[in-house]
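A look at the structure
Chain by chain, the residues run as shown.
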Amino acid sequence: MAGLVAAYPGVLEKLDGNTLVWRDGTRMPVDDGKGEKPFAAWLADPDIEDMLRLPYPAGAPATPPAPESDPGRARNAAFFEKMYGDCRKGGVKSRLTTITWLPAKARQKLQVTTVNSVSARLEAVSKELDALPAEFDKYLIPAAGTYNCRVIAGTDRVSAHGFAIAIDIAVAQSDYWRWSKGSAQAAYRNRIPLEIVQIFEKHGFIWGGRWYHFDTMHFEYRPELLPPLAPLPSR
Ligand SMILES: [Zn+2]
């Protein structure tokens, strides 16, 4: 839990027992006292502690995750709405900025939040991806989108895209657990090269390709699940 406070130094101040204290004085319970939740409850109604329950295998090769292993997929709604705003109430838009995705190769404009310097972090990702050999372009261009005030398919929970902390890279090379022909979940499949994943992870973004409910185009800013980030270069 100390890693959570350290990951968001601009907005979080400290842990005080079971309470997360924000720099503006807001206090939130870390543990809701409901105990170890079964998967569906963990995903639908996580407390702050639940968000960190599963270790995220940063840097590792992409292998099929164990059943119900979705590290980072549970997001406490109060925590994220406090941090980034509620897009359904207009609370996210005022803090968006436009970045240029792959400034040499794609020059695509994307909207991302400035909160927690997510926009600067994604620009750092973009710059490194831009320098990869041409064989990587098809995975990255065009990016399928960033900010989008919508709920996650099949739920009433706001997507990470609604907080403007997520990006979907090129759809054409992606795989998604819901894209199966029958009623069952599609078998794990990934075509995204590890080089791309590791660049995102280095800058604070987790990858949906590490989830049992895989979404290989999806990356979102979740530094609490990753090793400490390097400071941003001053400019
Ligand atoms: Zn996505």
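Just so it is clear, the structure is predicted and the values come from calculations on it, not from any experiment. (Residues numbered from 1 in each chain as written. Predicted model: local features only at pLDDT ≥ 70, side-chain atom pairs only at ≥ 80, totals over all residues. Heavy atoms only, no water.)

**Concerning the packing of aromatic side chains**
- Considering all chains together, one arrives at 15 aromatic pairs under this definition.
- Here the aromatic rings of Tyr8 and Phe79 are separated by 6.0 Å at their centres, their planes lie at 70 degrees, and the arrangement is edge-to-face. Of this pair, Tyr8 sits in the loop between α1 (2–7) and β1 (12–16) while Phe79 sits in helix α3 (residues 77–84), and the two are 71 residues apart along the sequence. Take Tyr8 and Phe79: they sit in the same class, and that class is buried.
- Ring geometry for Phe39 versus Trp42: centroids 5.8 Å apart, planes at 35 degrees, classification tilted. (Phe/Tyr/Trp six-rings, centres within 6.5 Å; stacked < 30°, edge-to-face > 60°. Helix = DSSP H or I, 4+ residues; strand = E, 2+ residues; numbered from the N terminus. Buried < 20%, exposed > 50% of the residue type's maximum accessible area, 1.4 Å probe, protein only.)

**A short note on the nonpolar core**
- With 57 residues, the main nonpolar core has Phe79, Tyr84, Trp101, Leu129, Ile196 and Phe200 as its most contacted residues.
- Residues within four places of Leu129 in sequence aside, it is in contact with Trp101, Leu102, Lys105, Leu140, Ile196, Ile199 and Phe200. (Core = buried A, V, L, I, M, F, W, Y, C linked by side-chain atoms within 4.5 Å. Contact = heavy atoms within 4.5 Å.)

**Thoughts on the pattern of salt bridges**
- Under the criterion given, the structure shown has 17 salt bridges.
- In this structure, the salt-bridge partner of Glu220 is Arg222, at a minimum N-O distance of 2.9 Å.
- Taking relative accessible area as the criterion, Glu220 reaches 0% and is therefore assigned buried.
- By relative accessible area, which is 0% here, Arg222 ends up buried. (Salt bridge = Lys/Arg side-chain N within 4 Å of Asp/Glu carboxyl O.)

**Description of the side chain of Thr146**
- Here Thr146 shows up in the loop between α5 (137–140) and β6 (166–168).
- For Thr146, a relative accessible area of 6% translates into the label buried.
- At 2.7 Å, the side chain of Thr146 and the backbone oxygen of Gln111 are in polar contact.
- In this structure, Thr146 is in contact with Leu110, Gln111, Val112, Leu122, His161, Ala166 and Ile167, ignoring residues within four places of it in sequence. (Polar contact = N/O pair within 3.5 Å; in protein donor to acceptor, adjacent residues only side chain to side chain.)

**Observations regarding the environment of Trp211**
- Mapped onto the fold, Trp211 is located in the loop between β7 (205–207) and β8 (218–221).
- By relative accessible area, which is 4% here, Trp211 ends up buried.

**What about the side chain of Asp47?**
- The topology assignment puts Asp47 in the loop between α2 (39–44) and α3.
- For Asp47, which is buried and forms no salt bridge, the nearest opposite charge comes from Lys37, at a distance of 4.2 Å.
- At 2.8 Å, the side chain of Asp47 and the backbone nitrogen of Asp32 are in polar contact.
- Every residue in contact with Asp47, bar those within four places of it in the chain, is listed here: Val30, Asp31, Asp32, Lys37 and Asn76. (Lys, Arg positive; Asp, Glu negative; His and termini not counted.)

**Here's the deal with the state of the cysteines**
- Scanning the entire structure with this criterion turns up one disulfide.
- Through a disulfide, Cys87 is tied to Cys149; the S-S separation comes to 2.2 Å. The sign of the S-S torsion, about 80 degrees, decides the handedness of the disulfide formed by Cys87 and Cys149: right-handed. Highlighted residues: Cys87 in the loop between α3 and β4 (96–101) and Cys149 in the loop between α5 and β6, separated in sequence by 62 residues.
- For Cys149, a relative accessible area of 36% corresponds to the partly exposed category. (Disulfide = S-S within 2.5 Å.)

**Topic: the sheet that holds strand β3 (residues 27–29)**
- Judged by pairing direction, the sheet is antiparallel, and its three strands sit side by side in the order β1-β2-β3 without closing on themselves. The sheet is open, and its two borders are formed by β1 and β3, each paired with just one other strand. Each neighbouring strand pair of the sheet contributes to a mean axis angle of 25 degrees, computed without reference to strand direction.
- In this structure, strand β2 (residues 19–22) lies alongside β3, joined through three bridges in antiparallel fashion. For Thr19, the partnering residue across the bridge sits in β3 and is Pro29.
- α3 rests against β1, β2 and β3 of the sheet, and its axis sits at about 5 degrees to β2. (Pairing = 2+ DSSP bridges. Axes fitted to C-alpha atoms, helices over the stretch in contact; angles between N-to-C directions.)

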